[in-house]
Amino acid sequence: MTARLRLGVNIDHVATIRNARGGRYPDPLRAARISAEAGADGITAHLREDRRHISDGDIERLSEEIVLPLNLEMAATPEMLAIALRHKPHAVCLVPEKRRELTTEGGLDAAAGKDHLASYVSALGEAGIRVSLFIDPETVQLEAAKALGAPVVELHTGAYCDASGGAVAPELGRLVRAAEKARGLGLECHAGHGLSYDTVGPVAAIPTIVELNIGHFLVGEAIFSGLGGAIKHMRALMDEARARPRPQVSA
Ligand code: PXP
């Protein structure tokens, strides 16, 4: 399975910059349009419970006005479910959320949270929304996602991106094995969190991963090279890595 790897551009931090001053600039919708022109395959936005970046109004405008599929990241709460069912995005990615974290620090504990998550996965699926679970690259989590009936998992790449020296290969190995396990379970496999020009290649080279969601680095890099330029360069690195054979992982 070496199909073209999709790139979902996460535009949360365009909203972070806007919210630093209030008002309307820079506009996440404009970022979504530029992403489409630059070759993104989808737009990802996380509506957090505390609305620290993306707002309800952003989700409404993104749902109505963008041409690319919208992937709404959200916590499994009744409020967020109601919002998703109202806007019916192409996809929902269920993520864990802690109010005081700076970013989504780890994956969803789908194994421990099965009873809680089951009704969300089924309600979203029945509404025709593609559901994914953002999980750590662990067998127990993949098996829980399968048992829950989620068609897609997104592997948390944060530990791999944060690793250095001798810790990189084992973390990459966890991702390679988890992607293989996902394939064996019949789950569509995505990945994301913390990816940059330096870290994207080995993940993009994992043949059974079909989508990467990347945000913070692209928005940061946009300061220096423009959002369109940053996306095009990321896209080129992904395509280049995908064209290479599977990475050799020693772990
Ligand atoms: N995927 C998921 C599920 C996320 O929660 C995030 C962060 O919001 C990302 C991907 C993108 O991570 P980053 O902004 O670090 O690229």
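Quick note: structure is the one above.
Residue positions are given per chain, counting from 1 as you read along its sequence in written order. Where totals are concerned, whole chains, interfaces and linings use all residues; where local detail is concerned, this predicted model gives features only for residues with pLDDT of at least 70, and gives and counts side-chain atom pairs only at 80 or more. The basis for the side-chain values is all heavy atoms of the structure; hydrogens and waters are excluded.

A. Molecular detail of the overall build of the protein. For the protein, the helix and strand inventory stands at 11 helices and eight strands. Note that the radius of gyration is over C-alpha atoms, with the globule rule given as 2.2 Å times the number of residues to the power 0.38. A compact globule built from 251 residues should have a C-alpha radius of gyration of about 18 Å, and the protein, at 17 Å, falls within 12% of that. For the protein, the spread of C-alpha atoms along the principal axes amounts to about 50 × 45 × 35 Å. Expressed as a percentage of the 251 residues in the protein, the buried residues total 52%. In what follows, residue pairs with any heavy atoms lying within 4.5 Å of each other are defined as contacts. Within the protein, residue pairs in contact and separated by at least 24 positions form 69% of the contacts whose partners lie at least 6 positions apart. Note on areas: Shrake-Rupley, 1.4 Å probe, and residue coverage restricted to the protein chains presented here. For the protein, the exposed area adds up to about 11200 Å²; of that, 53% sits on carbon and sulfur atoms. His is not counted, nor are the chain ends, whereas Lys and Arg count as positive and Asp and Glu as negative. Every charge is mapped onto a representative atom, which is NZ of Lys, CZ of Arg, CG of Asp or CD of Glu. Across the protein, the centroid of the 28 positively charged side chains sits 2 Å from that of the 32 negatively charged ones. The way it works is that DSSP assigns letters per residue, a run of H or I at least four long becomes a helix, a run of E at least two long becomes a strand, and they are numbered from the N terminus. Exposed residues in this analysis have more than 50% of their type's maximum accessible area, buried residues have under 20%, and partly exposed residues fall in between, with area computed by a 1.4 Å probe over protein chains only.

B. Fine view of the side chain of Asn-71. Here Asn-71 shows up in strand E3 (residues 70–74). The exposure class of Asn-71 is buried, given its relative accessible area of 5%. Asn-71 has contacts with Ile-43, Thr-44, Ala-45, Ala-91, Val-92, Cys-93, Glu-211 and Asn-213, leaving out every residue within four places of it along the chain.

C. Quick peek at the pairing of strand E8 (residues 209–214). Counting buried positions along E8 yields six of six residues, so the element is predominantly enclosed. As paired elements, strand E7 (residues 188–192) and E8 share four bridges and run parallel to each other. Across the sheet, His-190 pairs through a bridge with Glu-211, a residue of E8. We call two strands paired when DSSP finds no fewer than two bridges between them.

D. Representation of unusual backbone geometry within the structure. Cis geometry is found at the peptide bond from Tyr-25 to Pro-26, where omega equals -5 degrees. Phi is positive for Lys-88, close to 45 degrees, though the residue is something other than glycine. Mapped onto the secondary structure, Lys-88 falls in the loop between helix H4 (78–87) and strand E4 (91–94).

E. Summary view of the sheet that holds strand E6 (residues 152–156). Spatially, the eight strands close up into a barrel ordered E1-E2-E3-E4-E5-E6-E7-E8, and their pairing is parallel. Mean inter-strand twist for the sheet, computed between neighbouring axes without regard to direction, equals 25 degrees. Pairing geometry for strand E1 (residues 6–10) and E8, over four bridges, is parallel. Bridging from a neighbouring strand, Val-9 pairs with Ile-214 of E8. The convention used is that axes are lines fitted to C-alpha atoms, helices contributing only their stretch in contact, and that angles between N-to-C directions extend from 0 to 180 degrees.

F. View of the nonpolar core. Only buried Ala, Val, Leu, Ile, Met, Phe, Trp, Tyr and Cys residues count toward a nonpolar core, and they belong to the same one when joined by side-chain atoms within 4.5 Å. Counting 77 residues, the largest nonpolar core has Leu-94, Leu-133, Leu-155 and Leu-212 as its most contacted members. Ignoring sequence-local partners within four residues, the contact set of Leu-133 consists of Leu-94, Leu-108, Ala-110, Val-121, Ala-145, Leu-148, Ala-150, Val-152, Val-153 and Glu-154.

G. Focus on helix H6 (residues 139–148). Within the sequence span of H6, burial applies to Gln-141, Leu-142, Ala-144, Ala-145 and Leu-148. One side of H6 holds all its buried residues, which, seen down the axis, span an arc of 160 degrees. The inward-facing, buried residues of H6 contact helix H5 (114–126), strand E5 (130–135), E6 and helix H8 (168–185). Trailing H6 by a residue or two, Gly-149 shows a phi angle of about 85 degrees, which is positive. Of all possible arcs, the one meant is that of the directions from the helix axis to the C-beta atoms.

H. Looking closely at the environment of His-156. Positionally, His-156 belongs in strand E6. Since its relative accessible area comes to 6%, His-156 is described here as buried. Separated by 76 residues in sequence, His-156 and Lys-232 place their C-alpha atoms 23 Å apart. Of note is the side chain of His-156, whose polar atom sits 3.0 Å from the backbone nitrogen of Gly-158. In protein, a polar contact requires one atom able to donate a hydrogen and another able to accept it; more generally it is a pair of N or O atoms within 3.5 Å, and residues adjacent in sequence count only if both atoms are side-chain atoms.

So far we have only geometry, and geometry alone does not tell us how the molecule works.
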